[in-house]
Amino acid sequence: MEMKILKEGTGEIFCKNTPSEVRNWTRESKPRALKDKRMRIKDAVKKYISDGDYLAIGGFGHIRIPMAIIYEIVRQRIKNLSVAGHTAVQDIDVLMAGGCVSAVDIAYVVGFELRGLSGVQRRLFESGQVKKTDYTNGAMSYRLRAGAQGIPFIPVKVMLGTDTMMHSPGKVVKCPFTGEKVLLLPSLNPDVCILHAHRADMYGNVQIDGHIVKDDLQARASKRVIVTCEELVSTDKIRAEPGRTVIPFFMVDAVIEQPWGSHPGNMPYKYYFDHEFTENYLSVGREENPKAMEAWLDDWVYNLEDYDDYLTKLGAKRLYNLRDLEFLRPPVR
Amino acid sequence: MEHKSYTLRELMAVNAARQLEDGKSVAVGTGLPLIAAMLAQQTHAPNLVIFFEAGGIAPQLPILPISVGDSRTIHRALCTTTLIDIMDNMRRGFIDYAFLGGAQIDKFGNLNSTMIGNDYERPKVRFPGSGGANDFGSLAWETLIIMDRHSPRRFVEKVDFVTTPGYLYGPGAREEEGLSENTGPSKVITDLSLLDFEPKSKRMRLIATHPGISVDDVIKATGFELIIADEVGTTTPPTAEEIQILHEVIDPQGFVFKK
C-alpha cells in the first residue's frame, strides 16, 4: 500500500548522502582499530574537508563552537559548503564572510541572539547568493537522529501547518498504525562534522562537560568527524570513567589538542564569551563596504599561520580574563 | 508596595512572570522571557522548573545568560543533556509553558520570526528563522507570547511567514494539521496590554491594559480586529521588590534593562 502524501514542502535537500550509502562506505573507510589520530588542524582540514561538502558544526551558535577549525576552513578557502544551521551564529558567520558557503539548512542563523542581526548573513541571504531551506532546531536534530539510526526519514510532530513546513522538504502523511497526521523529514548524514570538546585521547574518545547539545548525534550521523579539544588526555583517564565518553573513537578521524579552541565562544567550565571581540566583529560585518570584513579576515585569519598565532595575537591577559568571567570572578589581571 | 517609577520593559517582565504558576515547568530563550521566569522563581514560583533548548535543566541561574546555551544556563543544573532530549521531554508532556516572541503576530497568534517581504527567495529582511520556536509552539502545553512593540506593523492581519503555529486558521486547525491536542498560545504580553484567545473563535482578545493605556490605544495599535473582553482590567504595576530583583539580582549588567 502506497503512503498518501497529504501535503508537502518545496525545500531543497542539500545533503545527498543516504543512510544506506553511508553504511556501505563505512565498511571500507572507517578503521575500527585504535589508531593515533593526532594531527595538525591544517592537515585535518586538508584531508577531510572538500569543496562542496555538507558540514555540521558542534556546539550551539557561540557555545563550544570549533572556531579553530572554522578559521582554518576559511584560511584554506574551501568553497561551496552546505552547512547545517542548527543554531549557527559566529561559526557560520565567519564561514559565510569567508565565502565558503553556498547553501544552508536553516534552523537558526542570521541572528546573534540578544546582540542583534548579522550584516554578513543578511546580505548573502537577502540577495539570494546563498541558498536556503527552512527547518527548526528540533527538526534538524530529528534528522540527525534518523541519520545516526540509519533510516531514510523520520516522522515528527513539529512544523505541521506552518510556512516553515512548506519551505522544508517535509511531507505530511497519516500514520499507518494510528491514523494521526505526522510530518516526515529526510534523514541527515553530513559529510563532515567538526566539534570542540573538553577532552579526548589520541584515539578520539571524546568527553564533553555540561550540555551536549547535538554533538553526539552529529558525530554518529556524519561520515567524517574532526575533533579539537581543550585537553588531550591519556586513554587511562578515559577508561577510568567510560560512561563519560560521549563520542567513541571509531567515529572520529582526527584529534587536535587546541586550548582556547572556541574563542570568542563560551566554553562551559573553561572560559566565557569574549563579548567585546564578538561585538566588534558584528559591527565590522554590518559595514556597507565589504572591504571592512576583508580587512578583518586578513587581520585575524589569512595573515596568520594558524590558530596558535591567533591566540598569540589575542594575548594571554585577554584569555585569562575570560576564565575569570566564566567563574563569575572579577578579572584581576 | 507599588514602585514609583518603572519602564515598559519592567512592566512586561513582571506581567509575564505572573503568568507562571509555581510547581510547573517552562522552556525559555534569553531576554525578557528568561527574565520573567527568573523573576517568577524569585517571587511567587520558587518551584518553577526551567528548561533551556540547548540542554540545561533546572539550573540555579546566578545571573542573566547572554545566550540560550551559555554557561549560566547550566549553572548548578540538575541535568545537562541534548537539544533533542529537551524536545522529546516537551512532546512527552513534561513542559507546561514555552515563551515565544516574533517580528509579527496575527489574530490567531501565529508568529513570524523568519522574514519580512513576500518573496521567500529575496526577502526584504531575513530573520533567524524558527530556531526552537516552532518546536516550542508545536509541543509545549501552553505558549506565552511576548511582543515588545505593540504596533500595527507587528500585529498584522496576515503574517508574512508563519514560522510558529498559533491557532493557524481558527478553531480545530491545530488538530486538523496534526499538532498535539489541547495546545496553543494562551496569553500575549505587550508593552500596552495583556491579551488572551477567546475560547470559541481562538481569536486574540484584549483582557487588560497597562496603567495609563486606554482600550482605544490598543485598538489603534493593532492591525486586525481585536475581540474586547466584557470587562477590560488594568495590569498591576511592578512592586518595589520586583524592581529591585530585576536590577540587582537578575540583570546587574544591564543587558536587558539598560542602565
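These numbers were taken from a predicted model, which means no experiment stands behind them.

Enquirer: So what's going on with the interface of chain A and chain B? Which residues, and what values?
Expert: Contacts between the two partners involve 50 residues from chain A and, on the opposite side, 51 residues from chain B. Broken down by secondary-structure element, the contributors of at least two residues to the side of chain A that touches chain B are helix H5 (119-126), helix H6 (137-149), helix H7 (163-166), strand E8 (181-186) and helix H8 (215-221) of chain A. With five residues, the single largest contributor to the side of chain A that touches chain B is H6 of chain A. Taken together, the residues of the side of chain A that touches chain B sort by class into 22 nonpolar, 16 polar and twelve charged.

Enquirer: So, the packing of helix H10 (residues 275-285) of chain A against helix H11 (residues 290-302) of chain A: which residues are in play, and what are the values?
Expert: Residue and element names in this part refer to chain A. Packing of H10 against H11 brings their axes to within 8 Å, and their N-to-C directions diverge by 140°. Relative to H11, H10 is oriented oblique. Where H10 approaches H11, its residues Tyr281, Val284 and Gly285 are matched on the opposing element by Ala292, Met293 and Trp296. Its residues assigned to classes, the contact of H10 with H11 comprises five nonpolar, one polar and no charged.

Enquirer: Could you give me a rundown of the sheet that holds strand E6 (residues 153-156) of chain A, with the residues and numbers involved?
Expert: Residues and elements named next belong to chain A. Taken together, the four strands give an open sheet; going across it, the order is E1-E7-E8-E6, and neighbouring strands pair in antiparallel fashion. Strands at the two margins of the open sheet, each flanked by one partner only, are strand E1 (7-8) and E6. Alignment of strand E7 (residues 171-174) against E8, held across four bridges, turns out to be antiparallel. Directly across from Lys171, in E8, lies its bridge partner Leu184. Strands in contact with H6 are E6 and E8; relative to E6, the strand with the most contacts, it is inclined by about 140°.

Enquirer: Report on the domain arrangement of chain B, specifying residues and quantitative values.
Expert: All names here are of chain B. One can read the domain layout of chain B as domain 1 (1-95 + 237-259) and domain 2 (101-235). Counting residues at the interface gives 16 residues for domain 1 and 16 residues for domain 2. Going through the elements one at a time, helix H1 (8-17), helix H2 (32-42) and helix H3 (83-92) are the ones with two or more residues in the side of domain 1 that touches domain 2. For the side of domain 1 that touches domain 2, the element with the highest residue contribution is H1, accounting for six residues. Each residue belonging to the side of domain 1 that touches domain 2 can be placed in one class, and the counts come to eleven nonpolar, two polar and three charged.

Enquirer: Account for the environment of Thr30 of chain B, with residues named and values stated.
Expert: The residue Thr30 of chain B is located in the loop between strand E1 (25-28) and H2 in this model. Note: C-alpha distance between Thr30 of chain B and Phe52 of chain B (22 residues apart in sequence) is 9.3 Å. In this structure, Thr30 of chain B is in contact with Glu113 and Leu114 of chain A together with Pro65, Ile66, Ser67 and Val68 of chain B, ignoring residues within four places of it in sequence.

Enquirer: If you had to explain the packing of helix H4 (residues 90-97) of chain A against H5 of chain A to someone new, which residues and values would you point to?
Expert: Residue and element names in this part refer to chain A. Running from N to C, H4 and H5 cross one another at 60°; their axes reach a closest spacing of 9 Å. Relative to H5, H4 is oriented oblique. Crossing handedness for the pair H4 and H5: left-handed. Here H4 contributes Asp93, Met96 and Ala97 to the contact with H5, which in turn contributes Val120, Gln121 and Leu124. Split by residue class, the contact of H4 with H5 holds four nonpolar, one polar and one charged.

Enquirer: A description of the environment of Ser130 of chain B should follow, citing residues and the corresponding values.
Expert: By the secondary structure assignment, Ser130 of chain B is in the loop between strand E9 (125-126) and helix H4 (133-139). Ser130 of chain B has contacts with Ala107, Asp134, Thr136 and Thr164 of chain A together with Ser113, Thr163 and Thr164 of chain B, leaving out every residue within four places of it along the chain.

Enquirer: Help me get a handle on the pairing of strand E3 (residues 81-85) of chain A, residues and values and all.
Expert: All names here are of chain A. Counting buried positions along E3 yields five of five residues, so the element is predominantly enclosed. Both faces of E3 are covered, namely the face carrying Leu81, Val83 and Gly85 and the face carrying Ser82 and Ala84. Note on the crossover from strand E2 (residues 54-57) through helix H3 (residues 67-75) to E3: the handedness is right-handed. Regarding the hand of the β-α-β motif, the stretch spanning E3, H4 and strand E4 (residues 101-106) is right-handed.

Enquirer: Account for the pairing of strand E11 (residues 185-190) of chain B, with residues named and values stated.
Expert: Residues and elements named next belong to chain B. Most of E11 sits inside the fold, with five of its six residues counted as buried. In the sheet, strand E10 (residues 142-147) pairs with E11 via five bridges, with the strands oriented parallel. Within E11, the residue paired with Ile146 across the bridge is Ile189. Note that E11 and strand E12 (residues 193-197) share three bridges and pair antiparallel. Opposite Ile189, over in E12, you have Leu194 as the bridge partner.

Rules and cut-offs
Residues numbered from 1 in each chain as written. Chains lettered and ligands numbered in written order. Predicted model: local features only at pLDDT ≥ 70, side-chain atom pairs only at ≥ 80, totals over all residues. Contact = placed C-beta atoms within 7 Å. Helix = DSSP H or I, 4+ residues; strand = E, 2+ residues; numbered from the N terminus. Nonpolar A, V, L, I, M, F, W, Y, C, P; charged D, E, K, R; others polar. Axes fitted to C-alpha atoms, helices over the stretch in contact; angles between N-to-C directions. Parallel < 35°, antiparallel > 145°, perpendicular 65-115°, else oblique. Pairing = 2+ DSSP bridges. Domains from an automatic or database assignment. Left-handed = near helix turned anticlockwise from the far one by under 90°. Buried ≥ 20, exposed ≤ 12 C-beta atoms within 10 Å, placed from the backbone. Right-handed = clockwise from strand over helix to strand, strands pointing away.

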